[in-house]
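Secondary and tertiary structure notes
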Amino acid sequence: QVQLVESGGGSVQAGGSLRLSCTASGLPFSKYTYGWFRQTPGKERDFVAGMSWSGNTFYGDFLKDRFTISRDDAKNTLYLQMNSLKPEDTAVYYCAGRDGVWTTYVDQYDYWGQGIQVTVSS
């Protein structure tokens, strides 16, 4: 019954922008904390951005200047705005939620989306 669904991915040229959305159902959206992660073939899933109960935001290394995490409680939706995209940003992006304090650790999240592809060409 709990489901997170990502949308808004695709292909873009280097320097372009994308906005990812994650719509949640079956959970108390405003009571949870959230994160975005990404993964490339053969590598571990890496932390991209997170948000606390109070709305404070946190970012992975070297991403704060280009990426912005936000949420809309009325729509049960989490967002990731990605600007000035680089080829190394190419990955499958995942949203995740948990009913506890925000975290960067993959194994501490309760629910995950199916992932969505982002491809950045040079």
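Residues numbered from 1 in each chain as written. Predicted model: local features only at pLDDT ≥ 70, side-chain atom pairs only at ≥ 80, totals over all residues. Heavy atoms only, no water.

1. Remarks on the overall build of the protein chain
Helix and strand content of the protein chain: zero helices and 11 strands. Helices (α) and strands (β) of the protein chain occur, in sequence order from the N terminus, as β-β-β-β-β-β-β-β-β-β-β. Relative to the globule expectation of 14 Å for 122 residues, the C-alpha radius of gyration of the protein chain, 13 Å, shows essentially globular dimensions. On the principal axes, the C-alpha backbone points of the protein chain span a range of 40 × 25 × 25 Å. Burial status across the protein chain gives 43% buried among its 122 residues. Long-range contacts, defined as pairs at least 24 residues apart, comprise 57% of the intrachain contacts of the protein chain with a sequence gap of at least 6. A total of about 6,500 Å² of accessible surface is found on the protein chain, and carbon and sulfur atoms cover 46% of it. (Helix = DSSP H or I, 4+ residues; strand = E, 2+ residues; numbered from the N terminus. Rg over C-alpha atoms; globule rule 2.2 N^0.38 Å. Buried < 20%, exposed > 50% of the residue type's maximum accessible area, 1.4 Å probe, protein only. Contact = heavy atoms within 4.5 Å. Areas by Shrake-Rupley, 256 points an atom, 1.4 Å probe, with all protein chains shown as cover.)

2. Observations regarding unusual backbone geometry
A positive phi angle is found at Phe62, which is not glycine, with a value near 70°. When you line up the elements, Phe62 lands in the loop between strand 6 (57–59) and strand 7 (67–72).

3. Comments concerning the sheet that holds strand 3 (residues 18–25)
In space, the four strands of this open sheet follow the order 1-3-8-7, with antiparallel pairing throughout. Each edge of the sheet is formed by a strand with only one pairing partner; in this case those strands are strand 1 (3–7) and strand 7. Direction aside, the axes of adjacent strands within the sheet are offset by 15° on average. As paired elements, strand 1 and strand 3 share five bridges and run antiparallel to each other. When the sheet's bridge partners are listed, Leu4 is paired in strand 3 with Ala24. (Pairing = 2+ DSSP bridges. Axes fitted to C-alpha atoms, helices over the stretch in contact; angles between N-to-C directions.)

4. Things to note about the pairing of strand 5 (residues 46–51)
Of all the six residues making up strand 5, five are buried; the element is thus mostly covered by neighbouring parts of the structure. Judged from the five bridges that link them, strand 4 (residues 33–39) and strand 5 form a sheet pairing that is antiparallel. Paired with Arg38 across the two strands is Asp46, which belongs to strand 5. The antiparallel hairpin formed by strand 4 and strand 5 contains six residues in its connecting segment, where Gly42 sits at a positive phi of about 80°. Both strand 5 and strand 6 contribute to a ladder of three bridges, which runs antiparallel. When the sheet's bridge partners are listed, Ala49 is paired in strand 6 with Tyr59.

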